[in-house]
Amino acid sequence: MLLQRIAHRLEACATPASSTLDLYQNPLMMRSHTHHMSNSKPLRSASWFGHQSMSGFIHRSWMKNQGHPEDMYDGRPVIGICNTYSELTPCNAHFRDLAERVKRGVYEAGGYPLEFPVMSLGEPLLRPTSMLFRNLASMDVEETIRANPIDGVVLLMGCDKTTPSLLMGAASCDLPTLGFSGGPMLNGKFRGEDIGSGTDVWRFSEMVRCGDMDSCEFANAESCMSRSIGHCMTMGTASTMASMTEALGMGLPENAAIPAADSRRNRLAQEAGRRIVDMVKEDLRMSKILTRDAFENAIIANAAIGGSTNAVIHLCALAGRIGIKLDLDDWDQLGREIPTIVNLRPSGEYLMEEFYYAGGLPAVLRQLGEAGQLRKEALTVNGKTIWENNSDAHNWNEDVIRPMDNPISEKGSIAVLKGSLAPSGAVIKPSAATPELMKHRGRAVVFEDIEDYYNRIDDPDLDIDQSCVMVLKNCGPKGYPGMSEVGNMGLPPKLLKKGITDMIRISDARMSGTAYGTVILHTTPEAAVGGPLALVQDGDIIELDVANRVLNLEVPEDELEQRKAAWKPTPSAMESGYQKLYYDHVMQADTGADFDFLVGCRGAEVPRDSH
Ligand code: FES
């Protein structure tokens, strides 16, 4: 009824040909009128706002209730600002201000900024794990972008999963897109020393478990660790994914490391707002940036920074969305000879603040380029190649960003292991592991799932010593569900008390990017689908040889066949709701744990609405 009345009114008040609105009668008229577009492609937003019709009226009129002036509808690019602000995501809780900074830049460049929220995934609170919702959030992003009059989009990303979920969702639409990270927290300060998010929590927690720290001191450390806005300031998953955004060319130079509390982060946000308007004019879409070369640069950069193992899963999933073939062998081969030169925790000593002051990712990319390791022609969001952006970067502190001939780890890559225990692969981060354990044979001590681990790990009678291999099952994509970050399971207190600080741990889980240890993760196929991990029993011998990329279960074939025949899957507890969708469609870790039906780029075409 309302719409009928509007239609009648429009007919009765046919606008004179000279009116402003007539300029919108079709997108071509509008484009020829305006100076905003330099390419020949009509703006998507014109099909919403560029018509003198009932639907044009509806699209403009309701938007005007926010006080937007008439000239916002003169054919200028509409820029979506995809915001993961949430008070439930503390790492992104400053994003309202950041969005305003981006808007300033959009207005300055002649665009029309429209901010919208999407599902925000915060690591500290979400249960059972934020990874359960990464693909769901990516669907929110993809569908919101496609369904709205957006010509280009700035993605505001920070806490771990907010980066891949936004990049993945946007990649499936393939509009001009600029990734903007919220920046790390300032260094934690506790009892006169710098402490890092996550990494020092693991350390303190083990100190408490073996009696070296009391619970009062442990509580004091809480507020000392997180003392400013921003995300984890170790080279954990958030800082890694911010670095990946920059190395992929999806973020502006310096995107990765400027602290959230540094005024230069706000300056960069404003520049991002200016730049995205030009990206629309240039039709610089994600698919022009996310090429095979871009992913190779990201893998190489990840090795150099000692980045998180989670990057493997997220980049494989992102590549799948944009149609680039990327697999575990690429990670192993491309990163194998790359040293880790960034001396940040958990692999090294420093934190993101020092990384920024030392030169940040540009200084790393310059060294990689000079060593012939960078795909220099890869295009980035500012329209320049990655080499044009970084070839003159400075390194101001060679202890934080080491020279290539003095790395913190000779072979910094994420190593991909294969063998009878992991036919489709498993990963380990050598720079965070104990060198003496990289070649080892040991007796398996098996935990059937995380509850079994929690129930028995503190038992003084647990039959385990430091030469054993701890095996945790049923924590993969389907098993946990969501592939929780429990792979760096704590050592038994009775061994901690003896001063043992590391043991080999194997699981189908993930590990926090802030964690460390000789931890083998993402074992594929996972136990919940009957992978060999499901068949391991207490006392089996496991062989690890990282140099030769081997992970074997030394059990005779016929014995394994018998165990396999007796193995029964645990029925899924997820009978309905989103979790059933997740369980039915999540793929294995080696392909990025995306949903099978989300792989690929579906573009931004959308049928017109029904008005
Ligand atoms: Fe948000 Fe670490 S908890 S980045």
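Look up a bit, the structure's there.
Below is a short write-up of the structure. (Residues numbered from 1 in each chain as written. Predicted model: local features only at pLDDT ≥ 70, side-chain atom pairs only at ≥ 80, totals over all residues. Heavy atoms only, no water.)

## A closer look at unusual backbone geometry
Along the chain, Arg127 connects to Pro128 via a cis peptide bond; the corresponding omega equals 0°. Position of Pro128 relative to the elements: it lies in the loop between β2 (112–117) and α6 (134–147). Between Tyr480 and Pro481 the backbone carries a cis peptide bond, its omega angle lying at 0°. Secondary-structure assignment places Pro481 in the loop between β10 (469–472) and α20 (493–496). Located in the positive-phi region is Asp283, a residue other than glycine, with phi close to 50°. Relative to the elements of secondary structure, Asp283 occurs in the loop between α11 (263–282) and α12 (286–289). (Helix = DSSP H or I, 4+ residues; strand = E, 2+ residues; numbered from the N terminus.)

## A closer look at the side chain of Lys473
Relative to the helices and strands, Lys473 is located in the loop between β10 and α20. Within the structure, Lys473 has its side chain in polar contact with the backbone oxygen of Ala534 (distance 2.9 Å). Filtering out sequence-adjacent residues up to four positions away, Lys473 remains in contact with Val446, Phe447, Glu448, Asp449, Asp508, Ala527, Leu533, Ala534, Leu535 and Val536. (Polar contact = N/O pair within 3.5 Å; in protein donor to acceptor, adjacent residues only side chain to side chain. Contact = heavy atoms within 4.5 Å.)

## What to know about the environment of Thr129
By the secondary structure assignment, Thr129 is in the loop between β2 and α6. Taking relative accessible area as the criterion, Thr129 reaches 5% and is therefore assigned buried. Along the chain, Thr129 and Ser61 lie 68 residues apart, while their C-alpha atoms are 42 Å from each other. Residues in contact with Thr129, not counting those within four places in the same chain, are Pro481, Gly482, Met483, Ser484 and Arg510. (Buried < 20%, exposed > 50% of the residue type's maximum accessible area, 1.4 Å probe, protein only.)

## Some details on the pairing of strand β3 (residues 152–157)
Here β3 lies mainly inside the structure; six of its six residues are buried. Taking every second residue as pointing to the same face, both faces of β3 are buried, with Gly152, Val154 and Leu156 on one and Val153, Leu155 and Met157 on the other. Note: strand β1 (residues 78–83) against β3, five bridges, orientation parallel. When the sheet's bridge partners are listed, Ile79 is paired in β3 with Gly152. Bridge analysis of β3 against strand β4 (residues 177–181) gives five bridges, and the strand direction is parallel. Across the sheet, the residue bridging to Val153 is Thr177, located in β4. Handedness of the crossover joining β3 and β4 through helix α7 (residues 162–171): right-handed. (Pairing = 2+ DSSP bridges. Right-handed = clockwise from strand over helix to strand, strands pointing away.)

## Observations concerning the sheet that holds β4
Here we have four strands laid out as an open sheet, ordered β2-β1-β3-β4, and parallel in their pairing. Taken across any chain shown, the strands that pair with only one partner, and hence form the sheet edges, are β2 and β4. The average angle at which neighbouring strand axes cross in this sheet is 20°, direction not considered. (Axes fitted to C-alpha atoms, helices over the stretch in contact; angles between N-to-C directions.)

## As for the pattern of salt bridges
The full count for this structure, using the stated rule, is 45 salt bridges. Of the charged contacts in the structure, one is a salt bridge between Arg203 and Glu193, with a shortest N-O distance of 3.7 Å. One end of the pair, Arg203, is in helix α8 (residues 199–209); the other, Glu193, is in strand β6 (residues 193–195), and 10 residues separate them in sequence. Asp332 is paired through a salt bridge with Arg336; the nearest N and O atoms lie 2.6 Å apart. Overall, Asp332 belongs to the buried group, its relative accessible area being 7%. Its relative accessible area of 28% is what places Arg336 among the partly exposed residues. Where salt bridges share partners, they join Glu142, Glu143, Arg146, Arg321, Asp594 and Arg602 into one cluster. (Salt bridge = Lys/Arg side-chain N within 4 Å of Asp/Glu carboxyl O.)

## Points about a nonpolar patch on the surface
A cluster of nonpolar side chains, Val201, Val208 and Phe218, forms an exposed patch at the surface whose accessible area comes to about 180 Å². You can call Val208 partly exposed: its relative accessible area is 30%. (Patch = residues over 30% accessible without salt bridge, like charges linked within 9 Å, V, L, I, M, F, W, Y side chains within 5 Å. Areas by Shrake-Rupley, 256 points an atom, 1.4 Å probe, with all protein chains shown as cover.)

## Some details on the packing of aromatic side chains
Counted under the stated rule, the structure contains 12 aromatic pairs. Summarising the aromatic geometry, the rings of Tyr356 and Tyr357 are spaced 6.0 Å apart at their centres and angled 50° between planes, so their arrangement reads as tilted. For Tyr357, a relative accessible area of 43% gives the class partly exposed. Taken together, a centroid distance of 6.5 Å and an interplanar angle of 55° make the contact between Tyr578 and Tyr582 tilted. On the criterion of helical spacing, the pair formed by Tyr578 and Tyr582 is a turn pair, its members being four residues apart in helix α22 (residues 577–585). Residue class for Tyr578 comes out buried when judged on its relative accessible area of 19%. Classification of Tyr582 by relative accessible area gives buried; the value is 2%. Pairwise contacts between aromatic rings join Phe133, Tyr578, Tyr582, Phe595 and Phe597 into one cluster. Above the plane of the ring of Trp387 lies Lys376, whose end atom (NZ or CZ) is 4.3 Å from the centre. It is Lys564 that lies over the ring of Trp567; its NZ or CZ is 6.0 Å from the centre. (Phe/Tyr/Trp six-rings, centres within 6.5 Å; stacked < 30°, edge-to-face > 60°. Lys NZ or Arg CZ within 6 Å of the ring centre and 35° of its normal.)

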